[in-house]
Amino acid sequence: MASTPLDAAFARAFDPPPPPASPVRVARAPGRVNLIGEHIDYCGLPVLPMALRQSLRIAFQPRSDRTARLVNRDPRFAPSSFAVSESIPPAPPGDWTNYARAAVGALAQRFPDLRGIDALVESDLPIAAGLSSSSALVVAMALALLHANAVTVAPLELMALLARGERYVGTAGGGMDQAIVLGARAGCASRIDFHPLRLTPTAVPADWQFIVAWSLVHAEKSGAAQQAYNERTRQCDEARRLVAARLGRREDISYPDLLAAAPVAELLETAASSLSGVLARRFRHVVTEATRVWQAETAMAAGDLAAFGRLLDASHQSLRDDYEVSHAELDRLVELAREAGAVGARLTGAGFGGSIVALCRAARAPAVVGALRERFYAPRGAAADVARHVFTAEPSDGAEVL
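Residues numbered from 1 in each chain as written. Predicted model: local features only at pLDDT ≥ 70, side-chain atom pairs only at ≥ 80, totals over all residues. Heavy atoms only, no water.

Things to note about the overall build of the chain
Within the chain one finds 13 helices and twelve strands. For a compact globule of 402 residues, the expected C-alpha radius of gyration is about 21 Å, and the chain comes in at 21 Å, within 12% of that figure. Over its C-alpha atoms, taken along the principal directions, the chain stretches across nearly 65 × 50 × 35 Å. Counting over 402 residues, the chain shows a buried share of 56%. (Helix = DSSP H or I, 4+ residues; strand = E, 2+ residues; numbered from the N terminus. Rg over C-alpha atoms; globule rule 2.2 N^0.38 Å. Buried < 20%, exposed > 50% of the residue type's maximum accessible area, 1.4 Å probe, protein only.)

So, in structure tokens, the structure goes:
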């Protein structure tokens, strides 16, 4: 078989180069933008994301031993090598390879005899922008390792396995990112339900345009940001147990069952009278955000742009005031997008920086993007790279091996 430019680039990336025994394949995993349903997947409640055309790609080749070697085309990220095993020592906190280690470790626990791979990573996803570049790495690494070992896993099983596996990095997250990165459908957003896990696609109306804009503030997933994220998961759990007890329900009742057992108004009234201020706010966000997901899915199916926009605005207000994960730059982007003609906008992802998502008619999108360029990015000296910071979101397919 004749060599290709990818083969040559792959060989140059490694020292020593991999043997030319088998062809180089590519695993692609998209980023995602969560349209609504923020910070509630780890409560077991539905969310509504879609995949992006921007993606992370891993060119890979199987090895004959149990070593995984990683090289990143981005020189900011150092190469790494580790043994494929059920218990992989982590790299220092914040190291990019911990997400690859998470995938490999999770699969090695399920399949004990996996061989390693040589992997060359490249991406056009913004890093630390709240668009799931980390979960894209987890998914792409998992697909590469499975393909190299001729192992198959059912999609829903793999989604759940990788959601658990990613907690290796120390973040007590839910399963949204892995599910949408693997299971997205082109042209659609997907409602993701948990316990049991399932995806329900809804076509994005052709005249709707979602715009993603980075705040220029990195949404870190380690250190203080990770601690704040994990604190909120604990607060949500404590609030649920206290409200359930006050209503005479089992303390281990899930959020979905709690919402099915009592009207939202009763739940909020109970929380307001029995929880401390911060727990009441966290609980109010979770309950109202879950309601917004169902309403947003209905609005999308009906093509009701204005209703979806109002739900985006309400979600941002709740994330800012009740969940306290917004940032001044995110708030400014939301404000500017609305002033430029978006029908609604909100932060997307975990917050503490990262990106917003705004919705407008497709014909209005160039004006919204232009206004953000002139009024947000130019004053901050970032207009030259504006195409990397703000873009229209194209609902795309999930991950695959090419």
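Let's talk about the sheet that holds strand S8 (residues 208-214)
With antiparallel pairing, four strands are arranged side by side in an open sheet as S9-S10-S8-S11. This sheet does not close on itself; its edge strands, each paired only once, are strand S9 (344-348) and strand S11 (390-393). Taken over all neighbouring pairs, the strand axes of this sheet differ in orientation by 25° on average, direction set aside. Seen against the sheet, helix H12 (residues 365-377) touches S8, strand S10 (355-361) and S11 and runs at an angle of roughly 15° to S8. (Pairing = 2+ DSSP bridges. Axes fitted to C-alpha atoms, helices over the stretch in contact; angles between N-to-C directions. Contact = heavy atoms within 4.5 Å.)

Observations regarding the pairing of strand S3 (residues 67-72)
The buried count for S3 comes to five of six residues, which makes it a mostly enclosed element. Two elements, S3 and strand S4 (residues 80-83), share four bridges in a ladder whose sense is antiparallel. When the bridges of S4 are listed, Thr67 appears paired with Ala83.

Some details on unusual backbone geometry
In this structure, the amide linkage connecting Asp15 to the following residue, Pro16, adopts the cis form with an omega of 0°. Take Pro16: it is sitting in the loop between helix H1 (5-13) and strand S1 (25-36). Here the residue pair His195 and Pro196 is connected by a cis peptide bond, since its omega of 5° sits within 30 degrees of zero. One non-glycine residue, Ser132, adopts positive backbone phi at about 70°.

Side note on the state of the cysteines
Scanning all chains against the criterion turns up zero disulfides. Cysteine Cys43 remains unbridged, with the sulfur of Cys236 as its closest cysteine sulfur at 4.2 Å. The thiol sulfur of Cys188 is not disulfide-bonded, and the nearest other cysteine sulfur, from Cys360, lies at 19 Å. A relative accessible area of 10% places Cys188 in the buried class. (Disulfide = S-S within 2.5 Å.)

Describing the sheet that holds S3
Strand order in the open sheet formed by six strands is S4-S3-S5-S2-S1-S12, and the pairing between neighbours is mixed. Two strands close off the open sheet at either side, each with one partner strand: S4 and strand S12 (400-401). Relative to strand S2 (residues 48-62), S1 is paired through ten bridges, and the arrangement is antiparallel. Looking at the pairing, Ala27 lines up with Ile58 of S2. Packed on one face of the sheet, helix H10 (residues 305-321) meets S1 and S2 and runs near 90° to S1.

None of the figures reported here should be taken as evidence of function without further support.
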